[in-house]
Every structure is written in structure tokens, then in C-alpha cells.
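# Overview (structure and organization)
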Number of protein chains: 2
Amino acid sequence: MSNRNLTLLTDLYQLTMMQGYFENDVNNHEVVFDLFYRKNPSGNGYAICCGLEQAIDYIKNLHFADEDIQYLESLNIFSKDFLEYLSDFKFTGDIDAIPEGTVVLPGEPLMRVKAPIFEAQFIETTLLNIINHQSLIATKASRVVRAAEGDTVLEFGLRRAQGPDAGLYGARAAIIGGCHATSNVLTGQMFDVPVAGTHAHSWVMSFESELEAFRAYAKLFPHKCILLVDTYDTLGQGVPNAIKVFDEMKAAGIESKSYGIRLDSGDLAYLSKCARKMLDDAGYKDAVISASCDLDEYLIADLKRQGAAITLWGVGTKLITSDDCPSFGGIYKLAAERENQEMFKPKIKISENPEKITNPGIKKVIRIYDNATQKVKVDLIALEEEEFDLTQDITVRDPKARWRKMHLKAGEYTMRELLVPIFREGECVYESPKTMDIRAYAKQELEKLWDEQKRLINPAHIPVDLSDDLYYLKERMLDAYK
Amino acid sequence: MSNRNLTLLTDLYQLTMMQGYFENDVNNHEVVFDLFYRKNPSGNGYAICCGLEQAIDYIKNLHFADEDIQYLESLNIFSKDFLEYLSDFKFTGDIDAIPEGTVVLPGEPLMRVKAPIFEAQFIETTLLNIINHQSLIATKASRVVRAAEGDTVLEFGLRRAQGPDAGLYGARAAIIGGCHATSNVLTGQMFDVPVAGTHAHSWVMSFESELEAFRAYAKLFPHKCILLVDTYDTLGQGVPNAIKVFDEMKAAGIESKSYGIRLDSGDLAYLSKCARKMLDDAGYKDAVISASCDLDEYLIADLKRQGAAITLWGVGTKLITSDDCPSFGGIYKLAAERENQEMFKPKIKISENPEKITNPGIKKVIRIYDNATQKVKVDLIALEEEEFDLTQDITVRDPKARWRKMHLKAGEYTMRELLVPIFREGECVYESPKTMDIRAYAKQELEKLWDEQKRLINPAHIPVDLSDDLYYLKERMLDAYK
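Residues numbered from 1 in each chain as written. Chains lettered and ligands numbered in written order. Predicted model: local features only at pLDDT ≥ 70, side-chain atom pairs only at ≥ 80, totals over all residues. Heavy atoms only, no water.

Under the annotation held in an unreviewed UniProt entry, chain A carries the name Nicotinate phosphoribosyltransferase and is attributed to Holtiella tumoricola. Quoted verbatim from the Function (unreviewed entry) heading of the UniProt record, the comment on chain A is "Catalyzes the first step in the biosynthesis of NAD from nicotinic acid, the ATP-dependent synthesis of beta-nicotinate D-ribonucleotide from nicotinate and 5-phospho-D-ribose 1-phosphate." (UniProt positions renumbered as here; feature names shortened; annotations may be inferred.)

So, in C-alpha cells, the structure goes:
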């Protein structure tokens, strides 16, 4: 999968523009593009950036195969010279990116591409596709896991995912966002993450009786025996049959390490509390009650508030599609350009809509931590060449209301640059961590936020400010245009 | 792409159940599963089924490679015998399906799989993944195209799609649902569908001035010259610069076949009406005004109601993700089973929730047309062995309210069976039509519905009834269980 050639997975206009750069002999003008987003999905207070490993694979595999060139020729819109030039295409630029699993905020470049415009323009669509998708699902998973308050959360959504990749990479992102395992076997194989699952209604229906189906399953998987109890009648038949099978296992001397039931329909609060009592009364206080059925962070939080006796949550459709917000609005905007080896000139995109105006220039992202609490204090977007001196007090201002200032005293704060080198002159200089390590890192990242900033609904704002230099550069450029 | 091995793209529980069937020596019990859905997405009156070609590719490529078996072995939950058996796995059963592009309705088997339980169970997840995704997007596209009332609709969503496949196959489904072209070059290459696109804001920003950027583009693509006019100031600068370039083209004797402007921000109704007047006054009455920017069927319909002067719509995020309903609830349920060569026994899944009770037995779907109008009268789900005699009057009853009857007089109606053979004993016996032919067929399909049934909001209901034989079989089985 990782060497799949996705070169033509792009918007046609990238290619028409590239022909334009080529014909105008500006294809080697060097540019800087920022990949960033404007709004956290699902009303969350942050996003978890994700997808870098697949973005790297994409860049590494970029090339126009002969059949690609032939196809483009068949469209009758490209010149022979241009197509010949394309056949030698490879990425030769620099990319910096924020590592996967990092907490990120609106306006911050998650990725910064410095390359000839011919190359930097071309990779826009697919970079956005990959980063938008996985950041969306990782962020949604982070919300679901938070709602579950320490309970186990399993990703079960493959059958409702938007195509094979949405299932495959969505499950990867869900794990990075905090899910404990996925039902998706291919994701397990490709990314070495835990896989989980038991049986479906069809298993029960394929036997003469539910009891026989449960017995057969318990015989086969005594040490991971979660029985689905709602095929016919949850409390009247399913749970009693499960208890009968647990009794038989006990009588046979089998001490299961992990056993219990799964509810997949009905009122999960009511059924789980009744089932808990039935299991406890029968002596199975350590039997797990798991649940699935249209779950999301809101329903899990509400079920928990009502005392549902569920400790293992299988979350499908609404996680794998990010149901309430199925897209992550990542965009890719020109920030600077130069001819030959001149200085880079900052570029700005104006809009009637102030929040759509871009930040010009080559930028870096600095996260400032409070030393006393180890929590994030503020993120600062600054120009690449700016240097900050930790031995000095600094003042950071809200770019939308400059009178809102934050004073940071020397010795009371620490800084960290979020962007790290990924490609240098076309060579990958970064090794992606293992998926489970990214998951552990993302968990640490969330510990650096206050609970108020992680609230599911209307969370406290984490400030993202602009350095004075960047702020005034932007003001000057806006003034000159308007 | 079409020979990509997606065998492990499945839920782990399919494999644990398969081991169960294998160990219990029931793996060769023959079963029938129905793939169907319960509710049309986005409140639509119908769905457009889609994805069969990729489902066929999936089945054809099914096999466990050595590394797949090794991976499964590493999980320590599968027996050696079972894994050896798996390594010879292939699909040997029969599949019937409703052809892609057909109008389908809730409860109808879109696909019917008859195979040893070992095989039929295994393919559940991926069949659902593929059919759910593409049917969702084809249905959404059908709504968007309907809102555009004959205007051209382009699919532009790749950058916001949920991963590469969601972009690739989503664009295919969007074309089948009625879009005229896609920006997605790989979809164009793989499925021989029209591709479209012009240039981005970055093209304009990369030149010293907007006017230079427009001139360069017009020089390059004089016969497909749609200029994006909102980079700096749509009416103050963008449209006047576009008109200047059209004047220059005219002066140079270039008669463009297709030229105009694209709006990508601001109030599209207001801006398009102003731009139309400016273009008309300058003598460019045939200049196209196209628009993009968070469009969906509701906004397009509303913009048209307000007289927006737009005739070409580029629809991205909200189409490719089916924003208001990002999943299609297809499910896969056991309908019948037999041991050896006995008669098939019907199977039913009960639920406290009446609409979640399945239809038992091996079924077919019959669409009944009214001869006078050529419109669909009613769909009938019947048992496979039932025969209907067109020379007789028939009465069809609503299964939820049996007193609601429809009398059909001999000679006034025609019947069509929707399910067609796709696989027989593991061999594919069906050739998928070309994507553009499926699109043409889907368009014909929609002509068989009344406008009232195609309304975007609260459409008239198209009835799906059960044959008397099926109705009474279901009643008897429910009675026996409860």
C-alpha cells in the first residue's frame, strides 16, 4: 500500500497551472506554501494532527508513469514539451511539519513546503486529502475517548467508512487519537496496532439456538469470550444464556481472563444496569459489559451521566466518518516567493472575510509552556528569522484585539518549536515513529492542556498569537493592497 | 488499483467467526445474506446504488497472501489448521445484485450472496464498505444535480475527501449520480470520465499582478478560459481585469469556445448578478459565470431562487463527504441457511425495534411500472420461487398497514426483476458497463419517478411492499419466536 502511485490523484487545475508555470518559464521560482486550517472540527478546543507518514509515502512515490503521460496526452490540453518535462518530475524541495499526534490550533502551519512552484503547487491536493482526513478522525477519536473517561474504546467503523482507505487510515488515526484497538485487520497488520472483535448476530442465528451459539463460541475463545446478547431478547434470553455458559465454563474449571457481554441495541443505560445486576447476582462481578450502537462522544457522556454499567465502548459509524463534522478544513496557501536566489518576498491572500486573510512570509510555530504547571500557555506564530531570548520577559498580543496582552516573565516559561524537518532537497530526513508510539505521544500532548480546554462543548480557548514582526508585516501588506 | 488485495480489510470478528464455523464443521453450510439499507440518506426519496464494479474487483482478488497468514498467526488466536484452510480461500458462491445506477429503496436487497457460510460471512465488511460509500455519494450527487436544474455540476472535493479512495471512488459515484465532470485526474484516467478545472488563487498570487496572471492563463488556454476573479477584490478588480483580458483576446482575433469567470467567496447571488451585468455591458453575454464555495443542494436551490446568474457549479466538500449525512446505513443480514443439499430454511433477526426486524428467506425485488405513464408504481419484495402472472390483476399491500392496498389491472402494469446474476459458483458472469453509460442509465432511472418523489425535502413516498407469501412467512416466524 505504501508504494501505491497516487501521482494522478490530484485536481486537474494543478496540472494546467503547472503547464502555465512551465510555459512562462517561472516553474523554478521558489515558493513557500503553508498547510493550515481555520477552525477546529466538532467545536473542539484543539485538533490532533495526523497523516504525516502517509504524506511522506506519497511524496516519496511521486512520479508520472508512462501510462499517466499517455492519459494526460489524450486530454489534448497539454503540450508535448510540458509532458516530456513531467515525465522527469520528482520532488526536490524542503518540507517541515508538525509531528503526528501533536495538539495543533487554527492558523498554525501544520506543514510548510518550500520548493520550485512547479512541485509545491502539484502536491497541494493530495497532501490536503491525507492530512485533512486523518487529522479529522484523530481529533474525533480524541473526543470520544475523552467522553469515555478512561474506559476502553474500540474503533468498529470499517463497514460505514467512506471507502477502503477511509477505513484503513481512519482506524490508524482513531488509534492515534486514543482508541485502544480497532476491528480493522488490515490496519492491525500494516501499523502494528491491536485488533479486537468477537461475533455478530449472524453467528447466533446460524445455530439452532442462542445457547448453542454461545457454548460454541466459549469453547473456541474461552479467554476472550464476549457474547452478543441482543439477537432475540436481551434480558429475557440473552443475558440468562450468557450466565448459563459462564456457569458451565466455571464448572469445567476454565477461568476466563476476559469475558462478558455485548449490547448492540435497545436502551443501553437501562439494559446495562439490569444486566450488571444479573451478572453480579450470578457471581460474575468481573464480567465486562460492552456496548455498541450509534455511539459518539455525546451519547457516551450522557450514558455515563445516567450510570450506565458499560466499561467498553465499540464506536463505529459516527467516529469513522466524524459524523457531526465530516471534513477538516485544511487549506494550502502561498506565503512567499522568490526568483533565482533573491530574498523571499512575502505573499498574502486578501479576502472580504477577515478570517480568510492569510499570514504572509516564512513562518514558524512556537509553543510556550508555563514552567509551574507544565501546561500550554500560548502558541505564537512568528517569522522564521525571528529569535526569542528565554532570558527576557516577553509580551504576546492577541492579533484580533491587540490590547489583550499576556506578559511572560523570564524563567517562568519554556518555548518549543513545533515544525521539524521532514524533507531536505527532496530527501526524506525524518523517520516516522510507530503508530502506538504516536498514540502515547498524543496522550502526553493532551496532558499539557487544562481540562477546560478539553471540554466537549464550548471549550476554553487556547490562544494563538502572532509575533509583533509578523503582525506588522501583515498590516503593512493589507494597507498597501486596500 | 483494481487488483489491490484488500483481503485483510475486514473486521476481526469475521475471522474469529470463521474459525468457529471451521471448528464446528459447519463452514460448508450454505447461507444467503442480503445487503440492504433501512433509510434513504439526506431525507431523499430514493437512493442510487453504486459500487458494484469495485465489489466485483474485491471478490475477484480475494486471497490470503503468505504475509497475511503470518500476520494472523502472530495474533495467537487462530489454530494452525484453520490458517492452513484459509490459505486456500476463494469465493465459490453466487451473487446477485441490482445494477449500479438503479434507483433503489429501503429494505430491498441490493446484493444477495449465496455461498458457504465461511465465505459469505467473510466478505460482509468490505462489501458494505464499498457499496455504502459509493451509494451515499451517488445519491448525494443526484440531489445536487437536481438542485442545479440542468446547469453543469462539477465534482471538486478531492482535497476534503476522507482519504484517497474516498476522493477516487467518490468522484466516480458523483459522476454516476449525475455530475458532468470531476477535477480528480486519477478518476478520469481510471474510469474514462471527463475532468475539469482551471486555476487557483495561488496562480494569481504568483504573478506580479492579477492582470498579468489572467493574461498568462488566457494565452495558455484560450479555448477554456475561466478566470478566478476573487483573489483580491471581485467587483473592483477581478471582473474588470477579466473583461480587459477578454477584450485583448477579441482584439487578437481569438474566439473562445468557453470562457468566463469563477467566484469562490463572498455572496454568490449578489456578486454573480453584478458580474453578469458587467460582462453583458462589455458585450460578453456568453461568458460563463461559475461558482464554488461550500455549495450543496440547499444553497444551490436557494441561490437559484434568488436569481443568481450562475450556470456552472463546482461542488466540493459537502458533496464528496455527503456532509449532512456522511454514512449510508447498509447492512448485511442472514436470510436463509441449509445443511448439505436440504431445502433452505428462512432465518429472521428479531428486534425490539420493529423496523430492525429482517425479511426472512431468499428474496427477489420486482419493480412494477404503470404502462400509461412509464413511472414506477410500487416495488415488491417477494420470495425467489414466487411467480407472477402479468395476465392477472394483482393486489399489493403495505406491510405496515395491510388495509392500504393497491390494485393493479392486467395490461396496465409491467414488471421488472431488479437483481441480476453477478457471480455463479465463484465465477463472475457480469460485465460492468462503462461509468458514463451507468451515468446515462441512472438519468433514465430518474425519469421513471414523479417529480414529487424527487423533491429535496420531504419527498413523496415510493411504496415498497412485501408479497403475501413473504408477509405471512415473516408473521409466522415472529409468532413462533415471541
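## Remarks on the overall build of chain A
Scanning chain A from terminus to terminus reveals 16 helices and 21 strands. Dimensions of chain A along its principal axes, counting C-alpha atoms only, are 80 × 60 × 35 Å. By residue count, 64% of the 482 residues in chain A fall in the buried class. In chain A, the proportion of contacts linking residues at least 24 apart, taken out of those at least 6 apart, comes to 73%. For chain A, the exposed surface amounts to about 18700 Å²; the carbon and sulfur share of it is 48%. Positive and negative side-chain charges of chain A, numbering 56 and 73 respectively, have mean locations separated by a distance of 6 Å. (Helix = DSSP H or I, 4+ residues; strand = E, 2+ residues; numbered from the N terminus. Buried < 20%, exposed > 50% of the residue type's maximum accessible area, 1.4 Å probe, protein only. Contact = heavy atoms within 4.5 Å. Areas by Shrake-Rupley, 256 points an atom, 1.4 Å probe, with all protein chains shown as cover. Lys, Arg positive; Asp, Glu negative; His and termini not counted. Charge placed at Lys NZ, Arg CZ, Asp CG, Glu CD.)

## Looking at the interface of chain A and chain B
Facing 96 residues of chain A, the contacting portion of chain B comprises 96 residues. It is Arg-159, Gln-162 and Met-205 of chain A that lose the most area in chain A upon contact with chain B, and together they represent 11% of the buried surface on that side. Inspection of the region where chain A meets chain B yields 8 salt bridges. Glu-124 of chain B is paired through a salt bridge with Arg-159 of chain A; the nearest N and O atoms lie 3.0 Å apart. Summed over the shared surface of chain A and chain B, the number is 41 residue pairs in polar contact (both at pLDDT 80 or more). Taken together, the residues that form the side of chain A that touches chain B break down as 45 nonpolar, 29 polar and 22 charged. (Buried area = accessible area lost by both parts, 1.4 Å probe. Salt bridge = Lys/Arg side-chain N within 4 Å of Asp/Glu carboxyl O. Polar contact = N/O pair within 3.5 Å; in protein donor to acceptor, adjacent residues only side chain to side chain. Nonpolar A, V, L, I, M, F, W, Y, C, P; charged D, E, K, R; others polar.)

## Some points on the sheet that holds strand β3 (residues 94-97) of chain B
Residues and elements named next belong to chain B. The 7 strands are arranged β13-β12-β1-β5-β3-β19-β20 in an open sheet whose pairing can be described as antiparallel. Sheet topology places β13 (345-346) and β20 (427-428) at the edges, where each strand pairs with a single neighbour. As judged from the 3 bridges shared by β3 and strand β19 (residues 420-424), these two strands associate in the antiparallel manner. If you follow Ala-97 over to β19, its bridge partner there is Val-420. Strands β1 (30-36), β5 (111-116) and β12 (331-338) of the sheet are contacted by helix α6 (residues 124-147), whose axis makes an angle of about 140 degrees with β12. (Pairing = 2+ DSSP bridges. Axes fitted to C-alpha atoms, helices over the stretch in contact; angles between N-to-C directions.)

## Remarks on unusual backbone geometry
Residue and element names in this part refer to chain A. One non-glycine residue, Asp-294, lies in the positive phi region at around 55 degrees. For Asp-294, the position within the fold is in the loop between β10 (288-291) and α13 (297-305). Positioned with a positive phi, Glu-425 is a non-glycine residue whose angle comes to about 45 degrees. Within the fold, Glu-425 resides in the loop between β19 (420-424) and β20 (427-428). Residue Glu-425 is classed as exposed on the basis of its relative accessible area of 67%.

## Details of the packing of helix α10 (residues 210-220) of chain A against helix α11 (residues 234-251) of chain A
All names here are of chain A. As a packed pair, α10 and α11 sit with axes 9 Å apart at the nearest point and diverge in direction by 40 degrees. In terms of orientation, α10 and α11 fall into the oblique class. In this structure, α10 crosses over α11, and the sense of that crossing is right-handed. Facing Glu-210, Leu-211, Phe-214, Arg-215 and Ala-218 of α10, the residues of α11 in contact are Gln-237, Gly-238, Asn-241, Ala-242, Lys-244, Val-245, Glu-248 and Met-249. Residues belonging to the contact of α10 with α11 are distributed by class as follows: 6 nonpolar, 3 polar and 4 charged. (Parallel < 35°, antiparallel > 145°, perpendicular 65-115°, else oblique. Left-handed = near helix turned anticlockwise from the far one by under 90°.)

## Some remarks on the UniProt feature "domain: Nicotinate/nicotinamide phosphoribosyltransferase" (unreviewed entry) in chain A
Here the UniProt feature "domain: Nicotinate/nicotinamide phosphoribosyltransferase" (unreviewed entry) sits at residues 154-321 of chain A. Between the C-alpha atoms that bound residues 154-321 of chain A there is a distance of 15 Å. The span itself is 48% helix and 12% strand.

## A closer look at α6 of chain B
Since one α-helical turn is 3.6 residues long, residues separated by three or four positions face the same way. Residue and element names in this part refer to chain B. Counted at 1.5 Å a residue, the expected span for α6 with its 24 residues is 34 Å, and the 34 Å between its end C-alpha atoms agrees. Taken across its 24 residues, α6 has 23 buried, putting it largely inside the fold. Two residues or fewer after α6 comes Glu-149, characterised by a positive phi angle close to 50 degrees. (Expected span 1.5 Å × (residues − 1).)

## Examining the pairing of strand β15 (residues 376-383) of chain B
Residues and elements named next belong to chain B. Counting buried residues in β15 gives 7 out of 8 residues, a clear majority hidden from the surface. In terms of strand pairing, strand β14 (residues 363-370) meets β15 through 7 bridges, oriented antiparallel. Along β15, the bridge assignment pairs Val-365 with Ile-381. Linking two consecutive strands that pair antiparallel, namely β14 and β15, is a turn of 5 residues; a positive phi of about 65 degrees is found at Gln-374 within it. Bridge count between β15 and strand β21 (residues 464-466): 3 bridges; the pairing is parallel. Each residue of the ladder has a partner; that of Asp-379, found in β21, is Val-464.

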